[in-house]
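# Commentary on secondary and tertiary structure
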Amino acid sequence: MKATVLHGSPRKGENSDTLAEHFLKGFNSTGEHSVEHFYINDLTIAPCQGCMSCGKPPHDCKIDDDMQPIYKSYKESDLILWVSPMYWGYLTAQLKLVQDRMEALACSGFDDKTFAVLLTYRHHYQSTASMFERIAPHFNIDLHILECCTKHPETGRDIPVEELPEKLDEAYNLGLKLGKA
Ligand SMILES: Cc1cc2nc3c(=O)[nH]c(=O)nc-3n(C[C@H](O)[C@H](O)[C@H](O)COP(=O)(O)O)c2cc1C
């Protein structure tokens, strides 16, 4: 199986990345998989210009930037990991750029994937979960959402995900389940 991991946080190795790491430990324990990582904050990706040239065959995006290897990896993958903290109730701006540019896959190549969506948040994640729930049936996506609240209920401080063993287990077990699928 091949997995594409889209890391949305600018904070490399922090909460959402830690969930992804534990997911992948479970996933990789099930066999020889190939995993390709994209740290979106490190890439140069232009916003979609709405030109709709991708609407016509061969449905390619004409912007030649770091989105091109993501298209390739997406098409080759069975599993897509969307890894993001909530920023103002949505994916980070970095990942929203990628999502908009996926318009070029909407006509051909977006469908029939498994999505694991790993979201960290302090107050709410539902608006982002709703977007994935809305598109999943349309594109025949097998959708799995794992949310993780990082706000301490009493102190209000951001809890590092490493201090939430039940969430790390949940991520590991989801990876295990999807690796076996
Ligand atoms: C600019 C900014 C906006 C945020 N907006 C939200 C939000 O709308 N809702 C929410 O629940 N948490 C919000 N947060 C909190 C982060 O989602 C939370 O701290 C998350 O655990 C960070 O994950 P990371 O360590 O992977 O970057 C925001 C954080 C930042 C820096």
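Everything here concerns the structure above.
One structure accompanies this document, and this report is about it.

What counts as what
Residues numbered from 1 in each chain as written. Predicted model: local features only at pLDDT ≥ 70, side-chain atom pairs only at ≥ 80, totals over all residues. Heavy atoms only, no water. Salt bridge = Lys/Arg side-chain N within 4 Å of Asp/Glu carboxyl O. Helix = DSSP H or I, 4+ residues; strand = E, 2+ residues; numbered from the N terminus. Buried < 20%, exposed > 50% of the residue type's maximum accessible area, 1.4 Å probe, protein only. Near = heavy atom within 4 Å. Polar contact = N/O pair within 3.5 Å; in protein donor to acceptor, adjacent residues only side chain to side chain. Areas by Shrake-Rupley, 256 points an atom, 1.4 Å probe, with all protein chains shown as cover. Nonpolar A, V, L, I, M, F, W, Y, C, P; charged D, E, K, R; others polar. Pairing = 2+ DSSP bridges. Right-handed = clockwise from strand over helix to strand, strands pointing away.

## Overview of the pattern of salt bridges
Scanning the model with the defined rule gives 11 salt bridges in all. We note a salt bridge from Glu 76 to Lys 72, for which the minimum N-O separation is 2.8 Å. With Glu 76 and Lys 72 both in helix H2 (residues 67-76), this residue pair falls 4 residues apart, about one helical turn. Glu 76 sits in the partly exposed class, given a relative accessible area of 39%. The partner of Arg 157 in a salt bridge is Glu 163, and the shortest N-O contact between them spans 3.4 Å. Through salt bridges with shared partners, one network takes in Lys 2, Glu 36, Lys 72 and Glu 76.

## Observations regarding the site of the ligand
Neighbouring the ligand are 17 residues, the closest being Ser 9, Arg 11, Ser 16, Gly 89 and His 123. Ser 16 is positioned such that a nitrogen or oxygen atom in its side chain is 2.6 Å from an oxygen atom of the ligand. A distance of 2.7 Å separates an oxygen atom of the ligand from a polar side-chain atom of Asp 158. Expressed as a share of its isolated accessible area of 650 Å², the protein-covered part of the ligand is 79%. Every element with two or more residues in the shell around the ligand is listed here: helix H1 (15-28) and strand E4 (114-121). The class makeup of the residues in the shell around the ligand is 5 nonpolar, 8 polar and 4 charged.

## Notes on the pairing of strand E5 (residues 142-149)
Where a strand is regular, its side chains alternate between the two sheet faces. Pairing geometry for E4 and E5, over 8 bridges, is parallel. Each residue of the ladder has a partner; that of Thr 120, found in E5, is Cys 148. Crossover E4 to E5 through helix H5 (residues 126-138) is right-handed.

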